[in-house]
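The chain contents come next:
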Amino acid sequence: MEVIKTKKYGGHILALPYPSQGHINPMLQFCKRLVSKGLKTTLAITNFISSSTRPNSGIVGIDTISDGFDKGGYADADSVAAYLERFEQIGSKSLADLIKKYERSEFPITCIMYDAFMPWALDVAKKYGLIGACFFTQACAVNYIYYYIHHGKLTLPISSTNVKISGLPELELRDMPSFIYVHGTYPAYFEMVLNQFTNVDKADYVFVNSFYKLEAEVADTMSKISPLSTIGPTLPSFYMDNRVENDIEYGLNLFHVDSSTCINWLNSKPEGSVVYAAFGSMSTFDDKQMEEIAAGLKASSSYFLWVVKTSEQSKIPKKIIDENSEKGLVINWSPQLQVLSNKAIGCFFSHGGWNSTVEALSFGVPMVVMPQWTDQTTNAKFVQDVWSVGVRVKVNENGIVGREEIEECVRTVLQGEEGKEMKKNALKWKDLAKEAVQEGGTSDKNVEEFVSKCIKQFVD
Ligand code: UDP
């Protein structure tokens, strides 16, 4: 009787995402995929996120843990270091309490799947004799660079202008993640990304939200010394293979989204005519940079849909917005997948966050990338020089990306001959992304293998 029950659900995965939009989306999506293949999953979000959003997680259960900042989340912490330290301290205990709660239920937790940013979750999993699955939300290339540094194979600061790492194309210093090329910046975050590798060798599974053909060389090189499985892209199944029922959107928005306004606006625009400008959930710009973006978009003479958080909108010069009411629409937050899949979109002007990059590739949309920090610089290098699906903006001597540069980059992608080539390449990646998650694809096989091992473990 017991065996039949466990066979039916095959184990219960407790998924622990790092509490930001770009980390919750892929983890929640991956959970949906696992449920569709027979596992039970519960996503543990923080008390703050639970009380400030309305998750629509569909087939994935939701529960909560504490990061030690239940009222205001990250914004209540004095510093990044203080947030991370308290999260580890309170979060470890809270995670253990959650495991104990389910021990008494019909579906005890069998595996902890945790964001690689939180290696302490593996220690908790092992303390309770559970399977530990580490989930990386950044590119294999970026993970490998951090792995290299963590293991002392590359000494910082780097004095040469070029960096050679086996499995990666030759990188200029500015292509390295920002914590490395501007050595000394964001020390707490830098420590966190290196710490991803402190105990990863003890994890039973290591997943990366990427797909094999996109990063074959580095995935192969890294796998030999630090095993990994590519399982992405984790976009809703509706856009990829349509095998997970009702999986049409990311189910947890940390920001308020008004879909109909922007989709109606997009539907009224000609095919391939709109620049979608969005820089993820964390980037902010100073007044001068905002003015240059606004002026650059205007000068490109294209339609533009620009995501600017309400709190930042006062930085946009009113004159430019008024003069462009016909051409441009500024919104607080977008349903990004619906936007990128809309025929009107011809170019994605992006910060190069990993999710945004993979989403653009999965929809075949060429990019202008304006990287800000963390892994975005490395992603931008790949977008421009490896996958040839976009251009990276040049920063001027004042540290600003000027309006002429923005105009030129947008025109190149949207109107030029080079842009046509980029579009063609992007469409090729779109097909390969789908192929990876479809039945028998590289990501699908990796997911199947994990699921069948989980199920087998409980039946045996
Ligand atoms: N996103 C969205 N609406 C927006 C901007 C972003 O839904 O207006 C989503 C986007 O689809 C992606 C995530 O938020 O899945 C952002 O992740 P990314 O890694 O691109 O950037 P981050 O926010 O981590 O810098």
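Described below are features of the structure shown in this document.

Conventions adopted
- Sequence order as written defines the numbering, with residues in each chain counted from 1.
- Only residues with pLDDT of at least 70 get local features here, since the model is predicted, and only at 80 or more are side-chain atom pairs given and counted; chain-wide, interface and lining totals rely on the full set of residues.
- Only hydrogens and water are set aside; all other atoms, that is, all heavy atoms of the structure, feed into the side-chain values.
- Two strands pair under a simple rule: DSSP has to find at least two bridges between them.
- Strands here mean DSSP runs of E at least two residues long; helices mean DSSP runs of H or I at least four residues long; both are numbered from the N terminus.
- Cavities and pockets are defined on a 1 Å grid built over the protein atoms alone: a cavity is a set of grid points where a 1.4 Å probe fits but cannot escape, while a pocket is an open set with protein on both sides within 12 Å along at least five of seven lines, and lining residues are those with an atom within 4 Å of any such point.
- Grid points are joined across faces, edges and corners, and a volume is the space filled by probe spheres set on the points.
- In this count, Pro and Cys sit with the nonpolar residues alongside Ala, Val, Leu, Ile, Met, Phe, Trp and Tyr, while Asp, Glu, Lys and Arg are called charged and the others, Gly among them, polar.
- Only C-alpha atoms enter the line fits that serve as axes; for helices the fit covers just the stretch in contact. Angles between N-to-C directions range over 0 to 180 degrees.
- Residues are treated as being in contact if the distance between any of their heavy atoms lies within 4.5 Å.
- Proximity is defined per residue: any heavy atom of the residue falling within 4 Å of a molecule or strand makes that residue near it.
- Under the rule applied, a polar contact is a pair of N or O atoms within 3.5 Å (in protein, one hydrogen donor and one hydrogen acceptor; residues adjacent in sequence only if both atoms are side-chain atoms).
- Here a Phe, Tyr or Trp ring, Trp counted by its six-membered ring, pairs with any other such ring whose centre lies within 6.5 Å, and the pair is stacked when the planes are under 30 degrees apart, edge-to-face when over 60, and tilted otherwise.
- Accessibility here uses a 1.4 Å probe with only protein chains present; expressed as a share of the type maximum, an area under 20% marks a residue as buried, one over 50% as exposed, and anything in between as partly exposed.
- Note on criteria: charge over ring means Lys NZ or Arg CZ within 6 Å of the ring centre, with the direction from the centre no more than 35 degrees off the ring normal.

## Quick notes on the sheet that holds strand 4 (residues 111-115)
Hydrogen bonds between backbone groups are what pair the strands of a sheet, and the pairing can be parallel or antiparallel.
Here is step 1: Read across the open sheet, the seven strands follow the order 3-2-1-4-5-8-9; overall the sheet is parallel. A single partner strand is all that each edge strand has here, and the edge strands are strand 3 (61-65) and strand 9 (229-230).
Here is step 2: Inspection of the sheet shows strand 1 (residues 12-16) paired to strand 2 (residues 40-46) by four bridges, in the parallel sense. For His12, the partnering residue across the bridge sits in strand 2 and is Lys40.

## Some words on the layout of surface pockets
Here is step 1: Quantified by volume, the second largest pocket comes out at close to 580 Å³.
Here is step 2: Lining the second largest pocket are 24 residues, and of these Pro19, Ser20, Tyr74, Leu254 and Phe255 lie nearest its centre.
Here is step 3: The element best represented in the lining of the second largest pocket is helix 3 (residues 47-52), accounting for three residues.
Here is step 4: Of the residues belonging to the lining of the second largest pocket, the class tally is eleven nonpolar, ten polar and three charged.

## Brief notes about empty space enclosed by the protein
Here is step 1: For the structure on display, the rule yields five cavities of 30 Å³ or more.
Here is step 2: Approximately 120 Å³ is the volume attributed to the largest cavity.
Here is step 3: Along its surface, the largest cavity is lined by 13 residues, and Phe279, Ser283, Val307, Val308 and Lys309 are the ones closest to its centre.
Here is step 4: Tallied by class, the residues present in the lining of the largest cavity amount to seven nonpolar, four polar and two charged.
Here is step 5: Volume-wise, the second largest cavity comes out at about 100 Å³.

## Observations regarding the sheet that holds strand 12 (residues 328-331)
Here is step 1: Strand order in the open sheet made by the six strands is 12-11-10-13-14-15, with parallel pairing throughout. Where the open sheet ends on each side, the last strands, each with one partner, are strand 12 and strand 15 (390-392). Put simply, the sheet's adjacent strands are angled 15° from each other on average, direction ignored.
Here is step 2: Relative to strand 13 (residues 345-350), strand 10 (residues 274-278) is paired through five bridges, and the arrangement is parallel. Bridge assignment links Tyr276 to a residue of strand 13, and that residue is Phe348.
Here is step 3: Set on the sheet, helix 17 (residues 403-415) makes contact with strand 10, strand 13, strand 14 (367-369) and strand 15; between it and strand 13 the angle comes to about 145°.

## Concerning the site of the ligand
Here is step 1: If you check the shell around the ligand, you find 17 residues, and the closest are Ser281, Ser334, Asn355, Ser356 and Glu359.
Here is step 2: In this structure, Trp354 approaches the ligand through a main-chain N or O atom, which is 3.5 Å from an oxygen atom.
Here is step 3: When contributions to the shell around the ligand are tallied by element, the ones reaching two or more residues are helix 2 (21-36) and helix 15 (354-363).
Here is step 4: Of all the elements, helix 15 adds the most residues to the shell around the ligand, at four residues.

## Overview of the packing of aromatic side chains
Here is step 1: Taken as a whole and judged by the stated rule, the model has 30 aromatic pairs.
Here is step 2: Ring geometry for Phe30 and Phe135: centres 5.6 Å apart, planes at 40°, overall tilted. Of this pair, Phe30 sits in helix 2 while Phe135 sits in strand 5 (residues 131-136), and the two are 105 residues apart along the sequence. Comparing Phe30 with Phe135 shows no difference in burial state: the two are buried.
Here is step 3: For the ring pair Phe255 and Trp333, a centre distance of 4.4 Å and an interplane angle of 35° mean the geometry is tilted. In this pair, Phe255 is assigned in the loop between helix 10 (237-240) and helix 11 (259-267) and Trp333 in the loop between strand 12 and helix 14 (336-340), connecting sequence segments 78 residues apart.
Here is step 4: Using a relative accessible area of 12% as the deciding quantity, one classes Trp333 as buried.
Here is step 5: Linked through ring pairs, Phe30, Phe135, Tyr205, Phe207 and Phe450 together constitute an aromatic cluster.
Here is step 6: Lys153 extends its terminal NZ or CZ atom over the ring of Tyr148, reaching a point 5.3 Å from the ring centre.
Here is step 7: In this structure, Lys269 packs its charged tip against the face of Tyr303, placed 5.2 Å from the ring centre.

Fair warning: the whole summary comes from geometry, so function is off the table for now.
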